[in-house]
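Breakdown of the fold
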Amino acid sequence: MDIVVENLTKKYGAQRAVDNISFTVRTGEVLGFLGPNGAGKTTTMKAITTSFAPSSGDVRIGDISVTENPEEVKTRIGYLPESNPLYTEMPVIDYLYYVAEIHGIPKKNREERILEMVDICGLEGEKHKLISELSKGYRQRVGLAQALIHDPEVLILDEPTTGLDPNQIVEIRELIKRIGREKTVILSSHILAEVEATCDRILIINKGKIVADGTAEELRKSAQGNEILHVGIEGPDKDQLFNALKEIPSVESVDFLDSKNGYIEIIAANGMSSRKEVFNLCVKNNWELTAMIPIETKLEDVFRNVTMK
Amino acid sequence: MQKIWTIAKKELRSFFDSLMAYVMLVLFLGFTGFFTWMPSGQDIFLINQATMQPFFGIAYWTLFFFVPLLTMRGIAEEKRSGTLELLLTKPVTDWQFVTGKFLSTLMLIGIALLLTIPYYITISRLGPIDHGAVIAGYTGLLLMSSAYIGIGIFASSVSRNQIVAVLLALLIGIFFHIIFDILARGVSGITGEVLHYLSISTHFESLSRGVIDTKDLIYFLSITFLGLLGSVSILSKRSLSDA
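Residues numbered from 1 in each chain as written. Chains lettered and ligands numbered in written order. Predicted model: local features only at pLDDT ≥ 70, side-chain atom pairs only at ≥ 80, totals over all residues. Heavy atoms only, no water.

**With respect to the overall build of chain A**
Along its length, chain A carries 11 helices and 14 strands. For the C-alpha atoms alone, the extent of chain A along its principal axes is close to 80 × 45 × 30 Å. The buried share of chain A, reckoned over its 309 residues, is 52%. For chain A, long-range pairs separated by at least 24 residues make up 67% of all intrachain contacts whose partners lie at least 6 apart in sequence. Summed over its atoms, the accessible surface of chain A is roughly 14,300 Å², and 47% of this surface lies on carbon and sulfur atoms. Both charge centroids of chain A, one from 37 positive and one from 48 negative side chains, sit 3 Å from each other. (Helix = DSSP H or I, 4+ residues; strand = E, 2+ residues; numbered from the N terminus. Buried < 20%, exposed > 50% of the residue type's maximum accessible area, 1.4 Å probe, protein only. Contact = heavy atoms within 4.5 Å. Areas by Shrake-Rupley, 256 points an atom, 1.4 Å probe, with all protein chains shown as cover. Lys, Arg positive; Asp, Glu negative; His and termini not counted. Charge placed at Lys NZ, Arg CZ, Asp CG, Glu CD.)

**Some details on the interface of chain B and chain A**
At the junction of the two partners, chain B supplies 26 residues and chain A supplies 27 residues. Between chain B and chain A, the buried area comes to about 2,400 Å², and carbon and sulfur atoms account for 56% of it. There are 3 salt bridges connecting chain B and chain A. Linking E85(B) and K46(A) is a salt bridge whose minimum nitrogen-to-oxygen distance equals 3.8 Å. (Buried area = accessible area lost by both parts, 1.4 Å probe. Salt bridge = Lys/Arg side-chain N within 4 Å of Asp/Glu carboxyl O.)

**Focus: the packing of helix α4 (residues 53-81) of chain B against helix α8 (residues 131-158) of chain B**
All names here are of chain B. The N-to-C vectors of α4 and α8 enclose an angle of 30 degrees; their axes lie 7 Å apart at closest approach. One element, α4, and the other, α8, form an angle in the roughly parallel class. At the point where α4 passes α8, the crossing takes the right-handed sense. Class assignment of the residues belonging to the contact of α4 with α8 gives a composition of 19 nonpolar, 7 polar and 2 charged. (Axes fitted to C-alpha atoms, helices over the stretch in contact; angles between N-to-C directions. Parallel < 35°, antiparallel > 145°, perpendicular 65-115°, else oblique. Left-handed = near helix turned anticlockwise from the far one by under 90°. Nonpolar A, V, L, I, M, F, W, Y, C, P; charged D, E, K, R; others polar.)

**Digging into the sheet that holds strand β12 (residues 251-258) of chain A**
Within a sheet, neighbouring strands are paired by backbone hydrogen bonds and run either parallel or antiparallel to one another. Residue and element names in this part refer to chain A. With antiparallel pairing, the 4 strands of this open sheet are ordered in space as β12-β13-β11-β14. The sheet is open, and its two borders are formed by β12 and β14 (288-294), each paired with just one other strand. Recorded for the sheet is a direction-independent mean angle of 25 degrees between the axes of neighbouring strands. Running at roughly 155 degrees to β12, helix α9 (residues 238-247) makes contact with β11 (228-234), β12 and β13 (263-268) of the sheet. Strands in contact with helix α10 (residues 275-285) are β11, β13 and β14; relative to β14, the strand with the most contacts, it is inclined by about 170 degrees. (Pairing = 2+ DSSP bridges.)

**Let's talk about the environment of I264(A)**
Residues and elements named next belong to chain A. Inspection of the secondary structure puts I264 in strand β13. What makes I264 buried here is its relative accessible area of 0%. Taking the C-alpha atoms as reference points, I264 and L203, 61 residues apart in sequence, are found 35 Å from one another. Excluding residues within four positions of it along the chain, I264 makes contact with L229, H230, V231, I233, L241, L245, V254, D255, F256 and L257.

**Observations regarding the packing of aromatic side chains**
One pass over the full model with this rule turns up 24 aromatic pairs over all chains. Pairing F242(A) with F256(A) gives two aromatic rings, centres 6.2 Å apart and planes at 25 degrees, and the pair type is stacked. Taken together, the residues F242(A) in helix α9 and F256(A) in strand β12 connect sequence positions 14 residues apart. For F242(A), a relative accessible area of 28% gives the class partly exposed. Centroid distance Y219(B) to F220(B): 5.3 Å. Interplanar angle 70 degrees. Geometry classified as edge-to-face. Exposure remark for Y219(B): the relative accessible area of 3% places this residue in the buried category. (Phe/Tyr/Trp six-rings, centres within 6.5 Å; stacked < 30°, edge-to-face > 60°.)

Take a look at the structure:
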């Protein structure tokens, strides 16, 4: 079931938390939602989950509009809010039973479904404990179980892996990926590596507007300007090396990172690669090439680029 | 309907899980028991009649104070902890939610009143008792409680602070409980009659004397309904206050 966000705007007073954004998430796609704090991620997610009505614009889950038919939308979405609110005075299993009843899961399937969730989310040893006794990681699992219990077609997860230990993070990521094959998932996160590992597509928003949209690969390509090489060359003295490199036509600038060991950053001219020429230069002069590292634009750089403007 | 029941059941359980229910039951039975049976100036031995009037009189006041204490947590706490936001993204309407909360509190009051049935049995052994007046009196207590629950739930939905909720409920409640009545005595004409009609004591007294009048029923049910309507409309405006 696709999620279609159309010209969504949400105002708080004069401030626009979300400013006229539109995007579509297809079935079987996991969308990573990135942005600095206060960019409007949570606001967008809340609008999708019918927590409030948008100031203007609309969100459709399949053909169902959140403004026209929120009740129908509610049966099709699972939502894990950032703060993961739970009734802490309830035992885990009772809470899941309550949520299952709220979702109207028929009595004959209820038990089975709850045990399945306990199993999937790894709550077997904790199911009779009070939620208030659980650690943050286990609470997060309860939150996830509550979002998944009615087998929703659309899953909205606001920072699902906060507070989990590295093993749990890997497990939850696997789980999200598995779910994402058949369902539509939007997940927000601050951890870029996580988004890269779990999501098929990345959407970056800043100040309520979409500033980047695409796969991790596409984003990197679009942000990458000139080729950057870090090269280590031993043999010649500093000036000789500098001049020789400068003469290569594809080299735009040369900068010594560490002058003693001859460690240099070479930025190639726009659209060109200087790797071969640098190598040939060393061979010709019998210099020792000790390192040649192409520097890739990291997702962090992409993120900083589009959100610092 | 199923969902209202689900919510009511869960809320009732949480009253008992949090000990709130036990404390309330013990206090309620303690207060009413003391003033009904022990030499307190209005106990039934002093009155020397087989009547539940002393019990109804004291329950009238204890419930006035206890109901806001039971309802204050209801919505305020869910607002504060964020569970309200999550619940309202689930297939539950605001009405189902509010009605579920209402029913759970009413059931707890019902349990408290059921536990006073031994008073009735004891008194009926002591002398001839007016069974009709007893039934009407219990009905009156239940109706009055439901009006205060309505007010309490409304107060609880206004703020995320439980103290504010309980104080606001008592503030609104005291007008119905006694202030309208006092004002009515000093004012004549149509204003006086309106104030007299608005006072809960007017309606409660006629019920505890054994007269079940639709006029009184409508009065209590309207207050209840207005309270719930008020909190539903506050909940439906939640988008404006959310940060």
